[in-house]
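Take a look at the letters that make up each chain.
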Amino acid sequence: MKEEIRQNGKVVLWSDDEISIPLIFNNLCGINFSGEEYRTYIRYVAFKDMGFQPGEISYYRNGVLYKTGKIPKL
């Protein structure tokens, strides 16, 4: 199963391991982190290392939209 996280219509991350993408999507949406830990993750991992920007993100499974979320502007 191919899973992707897209932003602005472009695939930013993808995997077929069925673990990484759901975990990263939840991290980006603030489900797994909160407070300063979440802000640090967004600033230094999501923005700097992964190339995300503030705004809506989408999680796809095999090309079908599964969830949407939002990365806040910090």
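Residues numbered from 1 in each chain as written. Predicted model: local features only at pLDDT ≥ 70, side-chain atom pairs only at ≥ 80, totals over all residues. Heavy atoms only, no water.

Enquirer: How do you make sense of the overall build of the protein when you look at a structure like this?
Expert: Regarding its fold elements, the protein presents two helices and four strands. Starting at the N terminus, the α and β elements of the protein follow one another as β-β-α-α-β-β. Its C-alpha radius of gyration of 11 Å places the protein within 12% of the 11 Å reference for a compact globule of 74 residues. A principal-axis box enclosing the C-alpha atoms of the protein has dimensions of 35 × 25 × 20 Å. For the protein, with 74 residues in total, the buried portion stands at 32%. When contacts within the protein are restricted to residue pairs at least 6 apart in sequence, those whose partners lie at least 24 apart make up 45%. Surface exposure of the protein reaches about 4,700 Å², of which carbon and sulfur atoms provide 49%. Averaging the locations of the 10 positively and 9 negatively charged side chains of the protein gives two centres separated by 9 Å. (Helix = DSSP H or I, 4+ residues; strand = E, 2+ residues; numbered from the N terminus. Rg over C-alpha atoms; globule rule 2.2 N^0.38 Å. Buried < 20%, exposed > 50% of the residue type's maximum accessible area, 1.4 Å probe, protein only. Contact = heavy atoms within 4.5 Å. Areas by Shrake-Rupley, 256 points an atom, 1.4 Å probe, with all protein chains shown as cover. Lys, Arg positive; Asp, Glu negative; His and termini not counted. Charge placed at Lys NZ, Arg CZ, Asp CG, Glu CD.)

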